[in-house]
Each structure stands twice: as C-alpha cells, then as structure tokens.
Amino acid sequence: MAEHKETYYAAEDLAKFEQVGRSAPEAWKAFMKYYGPLMQDGHLSKREKALIALAVSHGEKCPYCIDSYTRAGLELGLSPDEMAEAVHVAAAMRAGITLAQGIVMNNTLDKLSF
Amino acid sequence: MSDNRPQPTRSEARQQEVLQALEQARPSFESRLQGAGLHPLKATGITILQLNVGRVCNQTCRHCHVSAGPGRPEDMPREVFEQALRVARDPRIGTVDITGGAPELNAHFRWFVAEARALGKHVIDRCNLTVTQEEGQEDLVAFLKEHKVEVVASLPAPDKARTDAQRGEAVFDRSILALRDFNAAGYGLDDPELPLHLVTNPVGAFLPAEQAGLRERWQEQLLREHGVRFNELYTITNMPIGRYLHWLEAKGQLEPYVDRLAGAFNPVAAERVMCRNTLSVDWRGYLYDCDFNQMLGMTVDHGAPPHIRDYDPDRHHGREIVTAMHCYGCTAGGGSSCGGALE
Ligand code: SF4
Ligand code: SF4
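Residues numbered from 1 in each chain as written. Chains lettered and ligands numbered in written order. Predicted model: local features only at pLDDT ≥ 70, side-chain atom pairs only at ≥ 80, totals over all residues. Heavy atoms only, no water.

## What about the overall build of chain A?
As a reminder, the rule being used: What counts as a helix is a DSSP run of H or I of at least four residues, what counts as a strand is a run of E of at least two, and both are numbered from the N terminus. Throughout, exposure labels follow a simple rule: accessible area from a 1.4 Å probe, protein chains only, divided by the maximum for the residue type, with under 20% read as buried, over 50% as exposed, and the rest as partly exposed. Throughout, a contact is declared for two residues whenever any of their heavy atoms are within 4.5 Å. Areas reported as accessible are Shrake-Rupley estimates using a 1.4 Å probe. Residue values count occlusion only from the protein chains shown. Residues counted as positive are Lys and Arg, residues counted as negative are Asp and Glu, and His and the chain ends are not counted. Charge positions are represented by NZ for Lys, CZ for Arg, CG for Asp and CD for Glu.
On a plain count of helices and strands, chain A comes out with five helices and zero strands. Secondary structure elements of chain A, listed N to C terminal, follow the sequence α-α-α-α-α. Expressed as a percentage of the 114 residues in chain A, the buried residues total 23%. A separation threshold of at least 6 residues defines the contact pool for chain A, and within that pool the share at least 24 residues apart is 52%. For chain A, the exposed surface amounts to about 9000 Å²; the carbon and sulfur share of it is 64%. Placing the 12 positive and 15 negative side-chain charges of chain A at their respective mean positions leaves the two points 6 Å apart.

See the structure below:
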C-alpha cells in the first residue's frame, strides 16, 4: 500500500526555493541581486565557485544545495574526483575545527590544573 | 509520397509514443519555435550529406541513440552508396559526413571515401577511436590520412572512470592507444589537412559543460597524463532516443531530463540547428532531416521525397523540417549539433 510520509526535506521541494520570497519580497530581491551575479565568472570562475558552494553545502549539510551544486558541477564539467576532493576539504575543515576547540580545552585545563 | 515511406519498426513507434506523451504536460517544440519566429522550421540549403551506414559497432555505449552494437544487421549496401555519390555531385553539397555504428566496419567504406574525395568533397569520419584497434583495421589510420579525411572522434571524458562508465570496459585505454596512432600519423597536431577533433557527450542525465575553457583543460590533461593531442573539442547533448531513452526511463529520469532540455531552450541555438544544412541518409537510402529523426523512423516530409533515389534538389534544399519533442536536445543552452555547441 502506498503510504504518504511527511518529511521536512523532499527532492521536489527544491523547486519551491523561490517561494521563500513570497513574504518580505524586498529582502528576497536583495538576496537574489547579491547571490545571482556573485555565482557568475568573476575573479574566480563559475567552476571554482561551484566547488566552494558544494563544499559549503556539505559543511552546512543542506540536501537542497548538495543536489543543486552536484548537478551544476556536472554541467560545468567538474569530474566526480574534483567534487569528492571538495567534500573532503569540507570534512577536513570540520575535523580541524573540532580539534582546534581543543585549545580552549587545554587553556581551561591549564588554568585549573597544577 | 506517403505510400513509399518505410513503416516505423516497433521500437521506433514506441519511442515516438513516449516522446508524444511528454508533450501532454509541456509546451510543444513547435510552439517554442513559433515564439522564436522560426516556425515552420525550414532548411537553408544542404551543404552536408550525412550517411549513417548502419548500426554495426564494436561498442555498445549507454548513451547511444543508434542502439548500435556488434550484432546489428543494418549495413548499407553498395547500391545506396552509389546513390549517395550521385547526390553528392550536387555542387552545393561540400561535405560528406559518415557515421554509424562504427562506419569503418562497413565493407564499402574505403571505396566510398575514395570516391567522395575524388569528387572533391570534404569527408568526415565519425570514429569511435577503438575501431582502429580492431583486427583488420591496422591500416585504417594510414588510409584516413592518405585521403585527408577529417576525423571526429568520441571521448566522453579525459579519464578512465567516466569514459568506461559510458562506453564500456577498457574503452578509455584503447582510445588512448588510438589517439597515439592518430598523432603518430600527424593527426591532431598543426597540419590543417589532418584535423582530429573530439566529441564529448555528458556521462549521464545532464547538459554538457560549456565548450569555452573545456578544450584547454582537456588538452592539458590528456597531454600531461597520456601524451596525446587533439584539435577542437565539441560538446554534444545526449538525445532522449534509442538506448539512452531506455536508460532514462529505467532511472526515472526521463521527465526531469526533458524538462531540463526544454527549460534551457535557446532561440539562437534553434536558429542554427544542424538539420537546416544537413540531409541524413539511412542504410536503406531513406532520407531524414537528421540522424536523430532517422533513429525515430521520421523521414523527411512536407513534400520532400523520402528516398535518395528520388533526390530532388528543388524539393530537398529548402524543405520544411520534421520536428518533435526530442528536438529540445538541439536547442538547450549552448545548443548541440554534430559540430558541437555554438561558439
Ligand atoms: S555511441 Fe557510437 S561507438 Fe558507441 S555504440 Fe553507439 S555508434 Fe557505437
Ligand atoms: S533533432 Fe533533428 S530535426 Fe530536431 S532540431 Fe535537432 S537536428 Fe533538427
């Protein structure tokens, strides 16, 4: 029996992104004016920007952005190896950032210990 | 003229039905042409005669719109080649473009190439590269060089993983061997008489990358990693036809893919679709506006005779083109034709 399961994230909802602008439209327009041109070729190429966006999407764990920027990457001629390396950069950064918090731990330990 | 048209095969009829069904929920291609002021779409004069000499191939690629393979029986007989030579005498036709399958496997290929060159025609061989490594084809590269045939070769990606995923195991390694043979003969270097161009189709259900910048990246990678060179790189959109159509259906990607194509409709690309200057011939001598229509069994129409034996310059050069949903593949983004995207 087909069962309708309610989920917070659904693939077809990606198309609803623009509906976020149905309220506070001026703020939405300002965002689009910033986001749209920024992702075009500039000092960095569209490909480089797509790789950064893909890495950030993983770091921020946004399935919509991962879907979008994987597709965009394919259509910009990025290879699966290039995309996977970008994801590793995001993963390594997260690991490093977690470890860097050890400084606070050590400082606290030093403060409180003999 | 409809009495001497071939009956579509079961597979052609089914593909036409699938594409027609897609039109229910989407704007028709013709309506988009209308919006661009291009309806009815007319040929601007035939400059390229393209022969699809059959479906025999040494490969069975996943994106193949011809559904070609080793076991296919379709193979152009000498009589049709002779008729094609008669048509190629038309002085407005400067180029004879030979495709398949792997056209080099046809028994009349070499004789025909020599004859077309003797007529002063520019000849293009659409080569899958690996055919040069097959038994009996050891002298193919030398033959092509002798007749100064332009080679347009398929390679989906400059790496093994993606190439083999689309075209079959070991295809990348064998393609590199072929490219080395072509380079050793002088192809793909600086001699304008020995051009070696590559054609890339996306490895899946997405649009090709922009042509600009891609060639330089490929040239650098292929030279650095494999020591091989080529001249131009053409990007070609996968058409929802043949084996690729089956793959899209099996993956549940047909509708999203066609939406992607239709959503990227580009009127500039529509103006420059290849059917406007090409006439396509099948192995039996039937005529089509392009190789894609050929695979759907949609012969030329609108008063243009459907068989090469009845070739009539007055009715073929300016004929109205037969279009359908698959045509969105030619007009998406930068466009796509046998010569790649628009520059
Ligand atoms: S795409 Fe070309 S090489 Fe591959 S099976 Fe089809 S005809 Fe053969
Ligand atoms: S599919 Fe064929 S008929 Fe349709 S636009 Fe492309 S080249 Fe022309």
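## Overview of the site of ligand 1
Spelled out, the test is: One heavy atom within 4 Å of a molecule or strand makes the whole residue count as near it. Residue classes follow a fixed rule: Ala, Val, Leu, Ile, Met, Phe, Trp, Tyr, Cys and Pro count as nonpolar, while Asp, Glu, Lys and Arg count as charged, and any other residue, Gly among them, counts as polar.
Taken together, Cys57(B), Gln59(B), Thr60(B), Cys61(B), His63(B), Cys64(B), Ala68(B), Gly101(B), Asn128(B) and Arg167(B) make up all the residues around ligand 1. Its residues placed into classes, the shell around ligand 1 shows four nonpolar, five polar and one charged.

## Some thoughts on the pattern of salt bridges
The criterion, for reference: Each salt bridge in this description consists of a side-chain nitrogen of Lys or Arg and a carboxyl oxygen of Asp or Glu lying within 4 Å of one another.
Under the criterion given, the structure shown has 27 salt bridges over all chains. When the shortest N-O distance is used, the salt bridge between Arg71(A) and Asp67(A) registers 2.6 Å. With a gap of four residues between them, Arg71(A) and Asp67(A) both fall in helix H3 (residues 63–75), about one helical turn apart. Judged by relative accessible area, Arg71(A) falls into the partly exposed class, the value being 46%. The salt bridge partner of Arg72(B) is Glu74(B), with a shortest N-O separation of 2.7 Å. Among the residues examined, Glu74(B) registers a relative accessible area of 12% and is labelled buried. Through salt bridges with shared partners, a single network forms among Arg26(B), Glu255(B) and Asp259(B).

## Observations regarding the environment of Ala100(A)
Within the secondary structure layout, Ala100(A) lies in helix H4 (residues 80–100). For Ala100(A), a relative accessible area of 36% gives the class partly exposed.

## Details of the site of ligand 2
Neighbouring ligand 2 are Met239(B), Val273(B), Met274(B), Cys275(B), Cys290(B), Phe292(B), Asn293(B), Ile321(B), Val322(B), His326(B), Cys327(B) and Cys330(B). For the shell around ligand 2, the per-class residue count stands at 10 nonpolar, two polar and no charged.

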